[in-house]
Structure formats: structure tokens, C-alpha cells
Amino acid sequence: MQAQNLEELKRLVLKVLPDIIREDPIIRAYIKDLLKDSFADKEKTEDRIEKLYAELVRMREESERRWEEYRQERERERQESERRWQEQQRRWEEQQKKWEEEQRRWEEYRQERERIWAELERQREESERRWQEYMAELKRLHRKYDSTIGALGARWGLYSEESFRNALKGILEESFPVKVERYLNYDREGIVFGRPDQVELDLIIRDGEIIVAEIKSSVSKGDVYVFLKKLEFYKKHEGVDVKRAIIISPMVDPKAKKFAQESGIEVYSYADDVEGLDNLENTTQ
């Protein structure tokens with residue numbers, strides 16, 4: 001058969017075969033039997049498709065089940081995380097409230113402390129002001145009365161010392177073979193007072209032996225110290241030996257008396273002490 005005829009036959013078969021298969025059951029059965037090895041049976045194919053579909057449905061359901069489990073697990077985790085976060089938030093808010101309460105109390109305490117300190121400072125300043133006013137008034141009164149009494153006392157002290165000195169000079173010179181002299185010298189080096197000043201001493205002299213005396217209306221510990229400095233000045237500048245050093249005063253501070261005696265100075269304060277000077281002749285021999 002020629003190739004052209006074969007191609008023509010194929011076209012004819014393809015054209016009429018579908019109609020023949022639909023209309024002729026014998027031809028349809030023949031072709032089906034002929035092609036059964038090449039194509040699966042309908043029932044088997046449908047059964048296979050149904051199984052495949054069932055497997056797909058099962059897999060889909062399994063996937064949905066797992067997804068649902070996963071979603072539920074994630075939801076539980078989210079809820080737990082949310083619960084923990086809310087609990088943390090609640091605790092943080094409680095802590096914040098406590099902190100704010102502490103801050104409020106501390107601020108109240110600080111303000112109260114500042115108020116108390118301010119009040120104390122005001123009271124201190126008020127007390128200081130009153131004390132200053134009191135001291136100023138006291139100083140004013142002190143200056144007022146001290147200027148009057150001090151002037152009188154200074155005059156009395158100078159007059160009494162001079163009178164006592166003159167009287168003692170007369171008594172000693174009349175009763176004993178001694179001579180009472182007034183020593184005056186200028187301390188240029190400031191040995192006595194720490195600055196240049198006049199130095200005065202009373203000297204009782206017998207046969208060349210010298211007794212240095214300090215005659216004052218009252219004697220303090222400072223006066224004793226000054227007297228010692230005067231003795232130092234006198235010995236240094238005159239180059240003489242002092243037999244005795246005595247202090248004669250009607251009023252001697254107990255501390256001054258103790259200091260004088262510890263320093264080798266004799267102290268005569270009361271009338272009987274002055275009468276005790278009658279041993280002058282014996283002690284100077």
C-alpha cells in the first residue's frame with residue numbers, strides 16, 4: 001500500500017472512528033479489549049483514584065490536625081506568655097506603686113526635716129541675735145561702770161601702792177639698817193613685756209646685799225610671772241646677785257601665791273606676814 005493511501009486511510013479512521021465507537025458496541029468492545037493492556041480498567045482506575053483521594057483526604061486531615069495541635073500549642077504558649085507578662089506587669093506596677101509611695105514618704109520626710117532645720121536655724125539665729133544684743137548691752141553696761149569703777153580703782157590702787165610703799169620704806173629704814181630704793185630702767189630688748197618698756201622694782205639694800213621686792217595692791221599669777229621677768233632683766237643688766245625676792249600685797253590670788261612659792265619667791269600678804277619681816281636683819285647677815 002502506498003504511503004499516500006495509508007495517510008488517507010488514517011485520516012478517514014480518525015474522522016469516522018469516534019462515531020463508530022459511540023454507535024457500534026461491538027467495535028467499542030473490540031477496541032476496549034484491544035487497548036486493555038495499555039490503559040487501566042475504569043473500575044480499577046476509579047478505585048485507585050478513590051484510594052488516592054482518600055489518602056489525600058487523610059493526609060489533609062492529619063495535616064489539619066497537626067496544624068490545629070500546633071496552633072493550640074502556640075495559643076497556649078501565647079496565653080501563658082501573656083499571663084506571665086501580665087503577672088510581671090502587675091508586679092512591676094505594684095513595685096512602682098511601692099517605689100512611688102517610698103518616694104512620697106521620703107519627700108515628706110525631707111521636707112519635714114528641712115522645715116525642722118529651717119526652724120532650728122531660725123531659732124538659732126534668733127538666739128544668736130538676742131545673745132549678741134545681750135552681750136552688746138552687757139558690754140555697754142560694763143564699759144559704763146568699768147570706766148567709772150576702773151578709774152576709781154586705778155586711782156585707789158596707785159595711791160594705795162604708793163602710800164604702802166612709802167610707809168614700808170619708812171618702817172624698814174627706821175627699824176633696820178637697810179636702804180629702800182626704787183629701781184628704774186628701760187627694757188629696750190622687750191625681755192619683760194615682750195616689747196620695749198619701763199621696768200620698775202623696789203630694792204632693799206643692806207651691806208651690799210640686795211632683796212628685790214614687788215609691792216602691789218593685788219597680785220595675780222600673771223603679776224608673779226612679770227615679776228620673775230623683771231628679776232631676769234635686773235640680774236642681766238646690773239650683774240648683781242639677788243639675795244631674796246619677795247612680794248608684798250594685801251590681796252594675793254591663791255594660785256599666784258603657789259606659783260610664787262614654787263618659783264622661790266616669798267609672799268607677804270597679811271599684817272602678821274609684814275611683821276615677819278623683822279627677821280630681815282638675821283637673814284641678810
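About the cut-offs
Residues numbered from 1 in each chain as written. Predicted model: local features only at pLDDT ≥ 70, side-chain atom pairs only at ≥ 80, totals over all residues. Heavy atoms only, no water. Pairing = 2+ DSSP bridges. Helix = DSSP H or I, 4+ residues; strand = E, 2+ residues; numbered from the N terminus. Axes fitted to C-alpha atoms, helices over the stretch in contact; angles between N-to-C directions. Contact = heavy atoms within 4.5 Å. Buried < 20%, exposed > 50% of the residue type's maximum accessible area, 1.4 Å probe, protein only. Right-handed = clockwise from strand over helix to strand, strands pointing away. Salt bridge = Lys/Arg side-chain N within 4 Å of Asp/Glu carboxyl O. Core = buried A, V, L, I, M, F, W, Y, C linked by side-chain atoms within 4.5 Å. Polar contact = N/O pair within 3.5 Å; in protein donor to acceptor, adjacent residues only side chain to side chain.

Colleague: Quick question: what am I supposed to make of the sheet that holds strand S1 (residues 179–187) here?
Modeller: Each strand in a sheet pairs with another by means of backbone hydrogen bonds, the pair being arranged parallel or else antiparallel. In space, the five strands of this open sheet follow the order S1-S2-S3-S4-S5, with mixed pairing throughout. Edge positions in the sheet fall to S1 and strand S5 (266–268), since each of these pairs with one other strand and no more. Strand-to-strand, the axes of this sheet are offset by a mean angle of 30 degrees, without reference to chain direction. Where S1 and strand S2 (residues 197–206) come together, nine bridges link them in antiparallel fashion. Bridge assignment links Glu181 to a residue of S2, and that residue is Leu203. Sheet strands in contact with helix H4 (residues 221–238) are S1, S2, strand S3 (209–215) and strand S4 (242–248), and its direction is about 85 degrees off that of S1.

Colleague: Even after reading the chapter, I still don't get the pairing of S3, so can you show me in this structure?
Modeller: In the case of a regular strand, side chains alternate between the two sheet surfaces. In terms of residue burial, S3 counts as a mostly covered element, since six of its seven residues are buried. Where S2 folds back onto S3 in an antiparallel hairpin, the turn is made up of two residues, including Asp207, whose phi is positive at roughly 50 degrees. Relative to S4, S3 is paired through six bridges, and the arrangement is parallel. The partner of Val212 across the bridge, within S4, is Ala245. On the question of chirality, the crossover connecting S3 to the parallel S4 by way of H4 is right-handed.

Colleague: Got a minute to help me understand the pattern of salt bridges in this structure?
Modeller: Side-chain pairing between opposite charges can occur once the charged atoms of the two side chains come close. Using the criterion set out here, one finds 32 salt bridges in the structure. Glu73 is paired through a salt bridge with Arg76; the nearest N and O atoms lie 2.3 Å apart. Of this pair, Glu73 and Arg76 both sit in helix H3 (residues 42–175), three residues apart, which is roughly one turn of the helix. Glu101 is the partner of Arg104 in a salt bridge, and the nearest nitrogen-oxygen pair spans 2.3 Å. Linking Arg104 with Glu101, this pair stays in helix H3, spanning three residues, or about one helical turn. Of the residues examined, Arg104 reaches a relative accessible area of 37% and is grouped as partly exposed. Judged by its relative accessible area of 28%, Glu101 is partly exposed. One network of salt bridges, in which partners are shared, links Glu62, Arg65, Arg66 and Glu69.

Colleague: Explain the nonpolar core here, please?
Modeller: Within soluble globular proteins, side chains that are nonpolar tend to cluster in buried spots. Residues Val212, Phe227 and Tyr234 are the most contacted members of the largest nonpolar core, which totals 22 residues. For this core, the secondary structure elements donating two or more residues are S2, S3, H4, S4 and helix H5 (254–262). Sequence-distant contacts of Phe227, defined by excluding residues within four places in its chain, comprise Leu201, Val212, Ala213, Glu214, Ala245, Ile246, Ile247 and Ile265. Within the second largest apolar cluster, nine residues are counted, among which are Val178, Ile204, Ile211 and Ala213.

Colleague: Explain the pairing of S4 here, please?
Modeller: S4 sits mainly inside the fold: six of its seven residues count as buried. Here S4 runs beside S5; their pairing, made up of three bridges, is parallel. Looking at S5, one finds that Ile247 is bridged to Val267. With respect to chirality, the unit in which S4 leads through H5 into the neighbouring parallel S5 is right-handed.

Colleague: Would you explain H5 in this entry?
Modeller: Since one α-helical turn is 3.6 residues long, residues separated by three or four positions face the same way. Where H5 begins, the side chain of Asp253 points an oxygen toward the backbone nitrogen of Lys255, at a separation of 2.9 Å. Where H5 terminates, the next one or two residues include Gly264, which has phi positive at roughly 85 degrees.

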